[in-house]
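Observations on the three-dimensional arrangement
Take a look at the letters that make up each chain.
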Amino acid sequence: MMSENKTYIPTSQFVELQASIAEAILYAQTIDQGYYIQTDDDGNECYTEEGQEEFNERYEQAQFILNDCGLHSGPV
């Protein structure tokens, strides 16, 4: 369902929302989070190579979701 109205939000907020949606989709679809997430020696979590690829795909999906709902990044 594509929205005919376009609402623009600042790019920084759009990117943050897009990343949050992508991460939520990835976590919802992940059975074994150890396959996608690793912890470094300092205790910081980051994506594995496969996890980063999956996140990038979900990030693109999130943009389509937001755009379909009428949300776009750009000047407010």
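Scroll up to find the structure this text is about.
Residues numbered from 1 in each chain as written. Predicted model: local features only at pLDDT ≥ 70, side-chain atom pairs only at ≥ 80, totals over all residues. Heavy atoms only, no water.

So, about the packing of aromatic side chains. Geometry of an aromatic ring pair is reported as the spacing of the ring centres plus the angle between the planes. In this structure the tally under the stated criterion is three aromatic pairs. Between Tyr35 and Tyr36, the ring centres sit 5.1 Å apart and the planes meet at 75 degrees, which makes this aromatic pair edge-to-face. Using a relative accessible area of 17% as the deciding quantity, one classes Tyr36 as buried. The interplanar angle of 25 degrees and the centroid separation of 5.3 Å between the aromatic rings of Tyr47 and Phe55 together place this pair among those described as stacked. Of the residues examined, Phe55 reaches a relative accessible area of 14% and is grouped as buried. Ring pairing ties together the aromatic residues Tyr47, Phe55 and Tyr59, which thus form one cluster. (Phe/Tyr/Trp six-rings, centres within 6.5 Å; stacked < 30°, edge-to-face > 60°. Buried < 20%, exposed > 50% of the residue type's maximum accessible area, 1.4 Å probe, protein only.)

Looking now at the side chain of Arg58. Counting through the fold element by element, Arg58 comes out in helix H3 (residues 49–68). Among the residues examined, Arg58 registers a relative accessible area of 11% and is labelled buried. Aside from chain neighbours lying at most four places away, what touches Arg58 is Ala22, Ile25, Leu26 and Gln29. (Helix = DSSP H or I, 4+ residues; strand = E, 2+ residues; numbered from the N terminus. Contact = heavy atoms within 4.5 Å.)

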